[in-house]
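For reference, the chains in residue letters:
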Amino acid sequence: NAGVTQTPKFQVLKTGQSMTLQCAQDMNHEYMSWYRQDPGMGLRLIHYSVGAGITDQGEVPNGYNVSRSTTEDFPLRLLSAAPSQTSVYFCASSRLRGQGVEKLFFGSGTQLSVL
Amino acid sequence: GNSVTQMEGPVTLSEEAFLTINCTYTATGYPSLFWYVQYPGEGLQLLLKATKADDKGSNKGFEATYRKETTSFHLEKGSVQVSDSAVYFCALNDYKLSFGAGTTVTVRA
């Protein structure tokens, strides 16, 4: 059982380049999300999805796009990378229950550096 | 909007010391509350949770009680070990999880 799989683990980009961070889960979770983790700022929600075809913005969506064409996959696209997007990115998924997110399962993270 | 505030670190302790990490929340209604832990080089994993007032979550010797009157969910462990060194996050479920800033805990032998 793979859980939540993120690729790549490390990436270096030049300012202005675009790329896609991949996330896949095999637990049939309705909810998927992307967070960025920066020193002293904890985890901040970028985008989330409550099912295929449904996405919404989190706290810090600017500069990122997402789509959810299947239940399993939730890729995060950086349109034009900036140094401010240097961070560690985590994908997470969960079942949904009456009060919302039940328990988040996290991927192992992607360390992104933008030069 | 809903949010959590947790004590800033870093916290450094000796083995077998008592650990408390404070967490308070602001919310409408009665959200579920969580503590997540992140060990070095890994993603976060759920440590414990409580879904209603006066519930106590517990796991691996850690405990936290959902206190509605003080809007708090403080994490405690009576005797820490070196293996408890990690970053601890308080979180609130308002249909999407909102995390605190994290508290780095280092336990020295």
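Scroll up to find the structure this text is about.
A brief look at the structure comes next. Given the structure is predicted, the values throughout are model-derived calculations rather than measurements. (Residues numbered from 1 in each chain as written. Chains lettered and ligands numbered in written order. Predicted model: local features only at pLDDT ≥ 70, side-chain atom pairs only at ≥ 80, totals over all residues. Heavy atoms only, no water.)

**Thoughts on the interface of chain B and chain A**
Selection criterion: The contact rule is simple, with two residues in contact once any of their heavy atoms fall within 4.5 Å. Two parts placed together each lose some accessible area; with a 1.4 Å probe, that loss summed over both constitutes the buried area. Salt bridges are defined as contacts in which a side-chain nitrogen from Lys or Arg sits within 4 Å of a carboxyl oxygen from Asp or Glu. Within 3.5 Å is the distance limit for a polar contact, defined as a pair of N or O atoms, with the added protein rule that one can donate a hydrogen and the other accept it, and that residues adjacent in sequence qualify only through two side-chain atoms. Strands here are runs of E lasting at least two residues and helices are runs of H or I lasting at least four, both read from the DSSP assignment and numbered beginning at the N terminus.
With 20 residues of chain B in contact, the opposing surface of chain A contributes 21 residues. Across the chain B/chain A interface, buried area totals approximately 1600 Å², and carbon plus sulfur atoms make up 57% of it. Linking chain B to chain A there are zero salt bridges. Where chain B meets chain A, there are four residue pairs in polar contact (both at pLDDT 80 or more). Elements supplying a minimum of two residues to the side of chain B that touches chain A: β5 (32-38), β6 (44-50), β10 (86-93) and β11 (97-99) of chain B.

**Comments concerning the environment of D56 of chain A**
All names here are of chain A. Inclusion rule: Residue burial is assigned from relative accessible area. The probe radius is 1.4 Å, only protein chains are included, and a residue is buried under 20% of its type maximum, exposed over 50%, and partly exposed in between.
Position of D56 relative to the elements: it lies in strand β6 (residues 54-57). Taking relative accessible area as the criterion, D56 reaches 40% and is therefore assigned partly exposed. With 21 residues separating them in the primary sequence, D56 and R77 have C-alpha atoms 14 Å apart.

**Things to note about the pattern of salt bridges**
Two side chains bearing opposite charge may form a pair once their charged atoms approach each other closely. Summed over the entire model, instances satisfying the criterion amount to five salt bridges over all chains. In this structure, D38 of chain A and R44 of chain A form a salt bridge, with 2.9 Å as the shortest nitrogen-oxygen distance. Its relative accessible area of 11% is what places D38 of chain A among the buried residues. When the shortest N-O distance is used, the salt bridge between K77 of chain B and D84 of chain B registers 2.8 Å. In this structure K77 of chain B comes out as buried when scored by relative accessible area, which is 10%.

**A few points about the sheet that holds strand β7 (residues 56-59) of chain B**
Residue and element names in this part refer to chain B. Convention followed: A pair of strands is treated as paired once DSSP finds two or more bridges between them. Convention adopted: a line fitted to C-alpha atoms gives each axis, helices being fitted over their contacting stretch, and angles between N-to-C directions are expressed from 0 to 180 degrees.
Ordered in space as β3-β9-β8-β7, the four strands form an open sheet in which the pairing is antiparallel. Looking along the sheet, the strands with just one partner apiece sit at the ends: β3 (19-21) and β7. Direction aside, neighbouring strands of the sheet carry axes that sit 15° apart on average. Two strands pair when backbone bridges link them, and strand β8 (residues 62-65) and strand β9 (residues 75-77) are joined in this way by three bridges, in the antiparallel orientation. Across the sheet, F62 pairs through a bridge with K77, a residue of β9.

**What about the packing of aromatic side chains?**
So the rule is basically this: Two aromatic rings, drawn from Phe, Tyr or Trp (for Trp, its six-membered ring), form a pair once their centres lie within 6.5 Å of each other, and the interplanar angle then sorts them: stacked below 30 degrees, edge-to-face above 60, tilted otherwise.
Per the stated rule, a full pass over the model turns up twelve aromatic pairs over all chains. Considering the side-chain rings of Y25 of chain B and Y66 of chain B, the 5.8 Å spacing of their centres and the 90° angle between planes classify their relative orientation as edge-to-face. Taken together, the residues Y25 of chain B in strand β4 (residues 23-26) and Y66 of chain B in the loop between β8 and β9 connect sequence positions 41 residues apart. Of the two residues examined, Y25 of chain B and Y66 of chain B, each falls in the buried class. Three or more aromatic residues joined by ring pairs make a cluster, and in this case those are Y35, F90 and F106 of chain A together with F34, Y36, F89 and F99 of chain B.

**Here's the deal with the state of the cysteines**
All names here are of chain A. The condition that has to hold: Cysteine sulfur pairs qualify as disulfides if the two atoms are within 2.5 Å.
Under the definition given, this model contains two disulfides over all chains. In this model, C23 is linked to C91 through a disulfide, with the two sulfur atoms separated by 1.8 Å. The sign of the S-S torsion, about -70°, decides the handedness of the disulfide formed by C23 and C91: left-handed. With C23 in strand β3 (residues 19-25) and C91 in strand β9 (residues 87-94), this pair connects stretches of sequence that are 68 residues apart. Owing to a relative accessible area of 0%, C91 belongs among the buried residues under this scheme.

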